[in-house]
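Spelled out, the chains give:
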Amino acid sequence: MAEWFKGPYFVLEGVVRLAVKRPARGEIIAHDSGAVVLRCPACAAIQFARANILNSPKTPTLDRAIQCGSGHCKRCGVWFTIRNGEAFPAEAPEKKEVALPDKLKKAGVHPQPELKLKPKAE
Ligand SMILES: [Zn+2]
């Protein structure tokens, strides 16, 4: 495996499609589909992932961890995230209970209620 590429990662401003340019190491494309396109810091394979870019384009932070190869062909499989323009290895996120999306809530779907103990008889 190649050496870990720490960065700097930065967002290519004005590039929203891959037709224009393929990202080099460190370059992040904020794709107009809402995905981010960037190269894995471990193996340099191009990754497409859904993540929000926080902070500034020059020192971006991703709001979640990305797994290399999760979208397309499996590559090295590492989890990583970008914080302030630097790539960090990340823990695989734990499976959490999925919150109901607003759409379902509006449609009248309620999360399963927690089990409550029966109130004591008076
Ligand atoms: Zn990789």
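Residues numbered from 1 in each chain as written. Predicted model: local features only at pLDDT ≥ 70, side-chain atom pairs only at ≥ 80, totals over all residues. Heavy atoms only, no water.

Colleague: Help me get a handle on the sheet that holds strand β4 (residues 46-50), residues and values and all.
Modeller: Two strands in a sheet stick together by hydrogen bonds in their backbones, pointing the same way (parallel) or opposite ways (antiparallel). Across the sheet, which stays open at both edges, the 4 strands sit in the order β1-β2-β3-β4 with mixed pairing between neighbours. Taken across any chain shown, the strands that pair with only one partner, and hence form the sheet edges, are β1 (10-11) and β4. With 2 bridges joining them, strand β2 (residues 27-30) and strand β3 (residues 35-39) adopt antiparallel strand pairing. When the bridges of β3 are listed, I29 appears paired with V37. (Pairing = 2+ DSSP bridges. Helix = DSSP H or I, 4+ residues; strand = E, 2+ residues; numbered from the N terminus.)

Colleague: Would you mind going over the pairing of strand β5 (residues 53-56) in detail, with residue names and values included?
Modeller: Here 4 bridges tie β5 to strand β6 (residues 59-62), and the two strands are oriented antiparallel to one another. From the neighbouring strand, I53 faces β6, where its bridge partner is L62. In sequence, β5 turns back onto β6 through a hairpin of 2 residues.

Colleague: Describe in detail the coordination of the zinc ion, supporting the description with residues and values.
Modeller: Coordination of the zinc ion by the protein is provided by C40 (SG), C43 (SG), C68 (SG) and C76 (SG), with metal-donor distances spanning 2.3 Å. Here the zinc ion binds 4 donor atoms, and the angle range of 104 to 116° at the metal identifies the geometry as tetrahedral. Here the donor residues for the zinc ion map to a single chain with the spacing C-x2-C-x24-C-x7-C. Placement of C43 in the loop between β3 and β4 and of C76 in the loop between β7 (66-67) and β8 (79-83) is noted, with a sequence separation of 33 residues between them. (Donors = N, O, S within 2.8 Å, 3.2 Å for Na, K, Ca; no water. Tetrahedral: all angles 85-135°; square planar, octahedral: opposite > 155°, others 65-115°.)

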